[in-house]
Amino acid sequence: MDTLVYIGNVILLIILLATSGLIIANSLLGMKWEQLVLGRIGLRVQQLTKFLVIAIILVLCVQSMQWLNIFGADSIQWKELLLNTSTGKGLIYLLVMAIIGLFLKKFDGVLSVIWAWLILFGEAINGHVSALESSQIGILFDYIHLACAAIWIGGVINLWIIWRHNKAIAAEFMNKFSKILWITMALVAVSGIVLTILILPSGLYLLYTSWGKWLLIKIVVISIAISLGYAARMKIVKHQKNPLRVMWLEAILLIVIITLASVISQISPMPQMNNMLNVHKMGDELHYTVKLTPNAPGPNQLSITLWTLEEEGKVAAVDVSLFAADKPTRSARDIALVQAELEDEFGFDNFNEFRFVMKDLNLPYPSQWQAKVIMTFEDGHERSFDFKFSND
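Cut-offs applied
- Residues numbered from 1 in each chain as written.
- Predicted model: local features only at pLDDT ≥ 70, side-chain atom pairs only at ≥ 80, totals over all residues.
- Heavy atoms only, no water.
- pLDDT = per-residue confidence, 0-100.
- Helix = DSSP H or I, 4+ residues; strand = E, 2+ residues; numbered from the N terminus.
- Salt bridge = Lys/Arg side-chain N within 4 Å of Asp/Glu carboxyl O.
- Pairing = 2+ DSSP bridges.
- Axes fitted to C-alpha atoms, helices over the stretch in contact; angles between N-to-C directions.
- Phe/Tyr/Trp six-rings, centres within 6.5 Å; stacked < 30°, edge-to-face > 60°.
- Lys NZ or Arg CZ within 6 Å of the ring centre and 35° of its normal.
- Patch = residues over 30% accessible without salt bridge, like charges linked within 9 Å, V, L, I, M, F, W, Y side chains within 5 Å.
- Areas by Shrake-Rupley, 256 points an atom, 1.4 Å probe, with all protein chains shown as cover.
- Buried < 20%, exposed > 50% of the residue type's maximum accessible area, 1.4 Å probe, protein only.

## What about the confidence of the model for the protein?
Per-residue pLDDT for the protein has a mean of 82; in total, 88% of the residues score no lower than 70. Helix α3 (residues 77–84) is the least confidently modelled element of the protein, averaging 67 in pLDDT, while strand β7 (residues 368–377) averages 93, the highest of any element.

## A short note on the pattern of salt bridges
Any two side chains of opposite charge can pair, on the condition that their charged atoms come close. Following the criterion strictly, the structure yields two salt bridges and no others. Among the ionic pairs, R383 bridges to E285, the shortest N-O distance being 3.1 Å. One end of the pair, R383, is in strand β8 (residues 382–390); the other, E285, is in the loop between β1 (277–281) and β2 (286–293), with 98 residues separating them in the sequence. R383 serves as the salt-bridge partner of E312, at 2.9 Å between the closest nitrogen and oxygen.

## Some remarks on the sheet that holds strand β6 (residues 351–363)
Strand order in this open sheet of eight strands is β1-β2-β3-β6-β5-β4-β7-β8, and the pairing throughout is antiparallel. If you trace the sheet from one side to the other, it starts and ends with β1 and β8, each paired once. When strand polarity is set aside, the average angle formed by the axes of neighbouring strands in this sheet is 20°. Here β7 pairs with β8 via nine bridges, running antiparallel.

## Brief notes about the packing of aromatic side chains
Using the criterion set out here, one finds eight aromatic pairs in the structure. For the ring pair W117 and Y143, a centre distance of 6.5 Å and an interplane angle of 40° mean the geometry is tilted. Within this pair, whereas W117 is found in helix α5 (residues 110–124), its partner Y143 is found in helix α6 (residues 135–165), the two being separated by 26 residues in sequence. One aromatic cluster is present, built from ring pairs that chain together Y365, W369, F387 and F389. Above the face of the Y365 ring, K327 is positioned so that its terminal group lies 4.3 Å from the ring centre.

## Re a nonpolar patch on the surface
Together, L83, I92, V96 and I100 make up a nonpolar patch on the protein surface, roughly 330 Å² of accessible area in all. When residues in the nonpolar patch are grouped by element, the largest group, three residues, is from helix α4 (residues 86–101). Positionally, I100 belongs in helix α4. I100 gets classed as partly exposed once you look at its relative accessible area, which sits at 41%.

Right, here's the structure in full:
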């Protein structure tokens, strides 16, 4: 079922960007087409809009089936997910907008252009940015990112249609479109950087999470697609040569880019939590629990709960000396924890309970780590213990 959800979302994103991009690219260029070209572009918009309705219904059905399998037909949980989450609301919004699109007569009319801009909003609210604290800023930049991608794709589809009809007009089209294209590419880059900063708490997640690795692959493919697009435009504008092979490669790469974007939107940008550290030790004079989440390269939260003998008094400070076994000198650091509320008052007779945390412990790379915890009591005496962990 997960595979069907992925496939459905990829198809939906491709058709959505193609439909809206075809209309928006034409509106930005403001070119007057011959009746034959006008009819062909209008026909493609109509076909894409029909496919868009089908794709949204497909995704809605597959997503609902997945929720039904998880929660059961008798549970109202799947209905809540459909009606009260960004995913459900986004799909319903897209379906309503796509049905409205079926009744728009002229693809170059004002209503069609407004519709094309509005339908992109449904995709912008259905992603990782909707869960951010600064979700409004995230949605804005995601919308810019999607709109620029749509304009790029719409321009390529336009070029295909026009090139087959009149190569001279295609050259004129490319002269105008190239000016817009470089602006959209710059906006794609800027909005992509902002979105990455908003979503990722650390740049290390680009290297050590599936989300980050897929994003880096997407950036490489986009760079290749831009190069191919530039080559195709030079052949058309300067040399009037046949660019079909390059255009085919660019079109394939655009599909790959959209597929990667869809995959990225459906996987978590955060490290998996199945490697989190949770160590508990009991002793005659000290009990302790050490928790480290997510226990991955990048920012982590370290929590240390201590049970010390009542006769030793209160723990005034907790410091941790930390180093990686393979780079003991370069990686060595001393960190001070701050006292925090107890998670659960699990008491032991004749022991005091304390909890200290550090919410932003940065582990710069995967390794075998060794740590020494030093407790300083109010009267000045110290007690310590060691622990090891791996964040591979």
